[in-house]
Amino acid sequence: QVQLVECGGGLVQPGGSLTLSCAASGSIARINAMGWYRQAPGKQRELVATMPTIGRTIYADSVKGRFTISRDNTKNTLYLRMSSLEPEDTAVYYCNADLILWTGSRQDYWGQGTQVTVSS
C-alpha cells in the first residue's frame, strides 16, 4: 500500500553538494516523522536526520551544519540537501517514514536506498 521512492544519489567530489529526495505514496493518513539513514560498507545503519511532523528535527553530530532535511507536505516528499561533502559521507542513504495508514495502523517503511559516493 505504501511506497517510498528515493532518487538523487551519485558521485560527487569532496566539498561538493548533492540533494536527495524521497517521495511517499499510498494510503497515508498522517506522517509522524520522516528521516534519512545511511549505511557505509561494513558499518551499521545510522541516523542522519529525522524530521517529526510535531517536534524537533534531529541531526547526527557528524552532519550538523552541512546537511539540511526538509519536507514538502503537499507532495509527501522528503529532501536531504548535503553540502561540504566528505569521503566519510560515502554510503547508501535510506529514506524512512513513520506513518499512520487510513486503516488506523502505525507502520514503519523504508526506501530502496540510493548510493552516494564522495571521491576525487
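The shown structure was predicted, so the numbers you read here are calculated from the model rather than taken from an experiment. (Residues numbered from 1 in each chain as written. Predicted model: local features only at pLDDT ≥ 70, side-chain atom pairs only at ≥ 80, totals over all residues. Heavy atoms only, no water.)

Scanning the model with the defined rule gives one disulfide in all. For Cys7, which is in no disulfide, the shortest distance to another cysteine sulfur is to Cys22 and amounts to 8.9 Å. Judged by relative accessible area, Cys7 falls into the partly exposed class, the value being 44%. (Disulfide = S-S within 2.5 Å. Buried < 20%, exposed > 50% of the residue type's maximum accessible area, 1.4 Å probe, protein only.)

Turning to the packing of aromatic side chains, a few remarks are in order. Enumeration according to the criterion identifies one aromatic pair in this entry. Their ring planes at 65° and their centres at 5.0 Å tell us that Tyr37 and Trp110 sit as a pair that is edge-to-face. On the criterion of sequence distance, the pair formed by Tyr37 in strand 4 (residues 28–39) and Trp110 in strand 10 (residues 106–110) is long-range, its members being 73 residues apart. For Tyr37, a relative accessible area of 22% gives the class partly exposed. What makes Trp110 partly exposed here is its relative accessible area of 37%. Positioned over the ring face of Tyr94 is Arg45, at 3.7 Å from the centre of the ring. When the ring centre of Trp110 is taken as reference, the NZ or CZ atom of Arg45 above it lies at 4.7 Å. (Phe/Tyr/Trp six-rings, centres within 6.5 Å; stacked < 30°, edge-to-face > 60°. Helix = DSSP H or I, 4+ residues; strand = E, 2+ residues; numbered from the N terminus. Lys NZ or Arg CZ within 6 Å of the ring centre and 35° of its normal.)

Next up on the list: the confidence of the model for the protein. Residue-level pLDDT values for the protein average 95, and 100% of them are 70 or greater. The element-level mean pLDDT for the protein is lowest in strand 1 (residues 3–7), coming to 94, with strand 6 (residues 58–59) highest at 98. (pLDDT = per-residue confidence, 0-100.)

The backbone of Asn76 sits at a positive phi, close to 50°, despite the residue not being glycine. Checked against the element boundaries, Asn76 lands in the loop between strand 7 (67–72) and strand 8 (77–82). One non-glycine residue with positive phi stands out, namely Ser84, at about 50°. Relative to the assigned elements, Ser84 resides in the loop between strand 8 and strand 9 (91–101). The class of Ser84 is partly exposed, set by a relative accessible area of 40%.

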